[in-house]
Amino acid sequence: NMWIATDQAMLGAVGPTGGQIGVTTNPSSGFDAVTDMIEINGEILLATDGGGVMRYDRANSQWLSTWDTQNHLPSDYVNQLLEVNGVLMIAMDGAGISRQSISTGSWLATWTDANWLASNEVRGMATGGGWLNILVGDTLHHYNTTMGAFTSSKTLASLGLPHEGLDLVAWPAGGSRSPSVDTVFVNDGSGQMARIVPGNPPLHSGNALFASGPASDHMNEVIEVNGDRLSILTTRGEALTSRKEEG
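Residues numbered from 1 in each chain as written. Predicted model: local features only at pLDDT ≥ 70, side-chain atom pairs only at ≥ 80, totals over all residues. Heavy atoms only, no water.

Help me understand the overall build of the protein chain in this model?
A tally of regular secondary structure across the protein chain gives 0 helices and 22 strands. Taken across its 247 residues, the protein chain has 39% of its residues classed as buried. Summarising the internal contacts of the protein chain: among those between residues at least 6 apart in sequence, 32% fall at separations of at least 24. Accessible surface, the protein chain as shown: approximately 13000 Å² in total, 48% of it carbon and sulfur. (Helix = DSSP H or I, 4+ residues; strand = E, 2+ residues; numbered from the N terminus. Buried < 20%, exposed > 50% of the residue type's maximum accessible area, 1.4 Å probe, protein only. Contact = heavy atoms within 4.5 Å. Areas by Shrake-Rupley, 256 points an atom, 1.4 Å probe, with all protein chains shown as cover.)

Laid out in structure tokens, this is it:
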């Protein structure tokens, strides 16, 4: 089945033939948007923006107790869930990474700026080539999953990225159009992404440019002039112009 989550922790599924298999709402949920979802040992785990990690038991079709600041987590704002070598990684805004052993259910020491991380603002996690890459603030950490140890880190400035990190994009090898080795892209919202490939430690293999122009969330107009695309943007009251050729 393909599971689908929405805001307010509504959970539905689409079966193999494309038919929807009901929708269920967590009775204890609020209006917290779901930011990530993963299935672990028959449980659907929903990371939420303000409601911790909500859990749904597939076999018994029932909601389980939520993981939040009332029990296991230091923050209710969870942005990513990832399984790495039998450990569930729970990345949080401003609170580091909580970890749980999947086999025993026991909670392990949280990674924060008090021990291994340069910042508690976790922006993304991605695996590739035996490494767990963790983006926090303006730093990329490399964790060797075979050794079970942090080995090194890189600043985003050293990767040619001018802003703080936004997220990581994993591009595993193996597909017909995949790279020859597992690749992780580091995104800072500037339009270019740094490529990280396996090594000891992982290597920066250059940057890929995906977009250009001023960085702004406020685009007011897009027009086309003689085959060129002209974008008029406003940032803090100032007019900025971005031009992109359409070829």
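Would you explain the sheet that holds strand β14 (residues 139–144) in this entry?
Working definition: the strands of a sheet are paired by backbone hydrogen bonds and lie parallel or antiparallel to each other. Strand order across the open sheet formed by 4 strands is β12-β13-β14-β15, with antiparallel pairing between neighbours. If you trace the sheet from one side to the other, it starts and ends with β12 (122–128) and β15 (149–155), each paired once. With direction set aside, neighbouring strand axes in the sheet form an average angle of 20 degrees. Relative to β15, β14 runs antiparallel, the two being bridged by 6 bridges. Its bridge partner being in β15, Asn144 is matched across the sheet by Ala149. (Pairing = 2+ DSSP bridges. Axes fitted to C-alpha atoms, helices over the stretch in contact; angles between N-to-C directions.)

Honestly, the environment of His142 in this entry has me stumped. Any pointers?
Note that His142 resides in strand β14. Using a relative accessible area of 0% as the deciding quantity, one classes His142 as buried. Distance in space between the C-alpha atoms of His142 and Pro202 is 7.2 Å, their sequence separation being 60 residues. Each residue touching His142, except ones within four places of it in the same chain, is listed here: Trp131, Leu132, Asn133, Ala149, Phe150, Thr151, Ser152, Ser153, Lys154, Ile196 and Pro202.

Would you mind showing me how to read the environment of Pro172 here?
Inspection of the secondary structure puts Pro172 in the loop between β16 (167–171) and β17 (183–187). Placed 10 residues apart in sequence, Pro172 and Asp182 show a C-alpha to C-alpha distance of 4.3 Å. Not counting the four nearest positions on each side in its chain, Pro172 is found in contact with Ser178, Pro179 and Asp182.

Looking at this structure, how should I read unusual backbone geometry?
Glycine aside, the phi torsion of most residues is negative, and most peptide linkages are trans. Cis geometry is found at the peptide bond from Asn200 to Pro201, where omega equals 5 degrees. The topology assignment puts Pro201 in the loop between β18 (192–197) and β19 (203–209). One non-glycine residue, Asn41, adopts positive backbone phi at about 50 degrees. Examined against the element boundaries, Asn41 turns out to sit in the loop between β4 (34–40) and β5 (43–48). Residue classification places Asn41 among the exposed residues on the basis of a relative accessible area of 65%. In this structure, Asn85 is a non-glycine residue whose phi angle is positive, near 50 degrees. The topology assignment puts Asn85 in the loop between β8 (78–84) and β9 (87–92).

It is not clear to me how the side chain of Thr139 should be interpreted in this structure. Could you clarify?
Inspection of the secondary structure assignment puts Thr139 in strand β14. Within the structure, Thr139 has its side chain in polar contact with the side chain of Asp138 (distance 3.2 Å). Ignoring sequence-local partners within four residues, the contact set of Thr139 consists of Ala118, Ile134, Ser153, Lys154, Thr155 and Leu156. (Polar contact = N/O pair within 3.5 Å; in protein donor to acceptor, adjacent residues only side chain to side chain.)

How should the packing of aromatic side chains be read in this particular structure?
Counted according to the given criterion, the structure contains 8 aromatic pairs. Between Tyr143 and Phe150, the ring centres sit 5.0 Å apart and the planes meet at 65 degrees, which makes this aromatic pair edge-to-face. For the pair formed by Tyr143 and Phe150, the shared burial category is buried. By way of ring pairs, the aromatic residues Trp111, Trp116, Tyr143 and Phe150 are connected into one cluster. (Phe/Tyr/Trp six-rings, centres within 6.5 Å; stacked < 30°, edge-to-face > 60°.)

Looking at this structure, I do not really get the pairing of β19. What am I missing?
Taken residue by residue, a regular strand's side chains alternate between the two faces of the sheet. Sheet topology places β18 next to β19; 5 bridges connect them, and they run antiparallel. Counted as the bridge partner of Met193 is Ala208 from β19. Linkage of β18 to β19, two consecutive antiparallel strands, is achieved through a turn of 5 residues.

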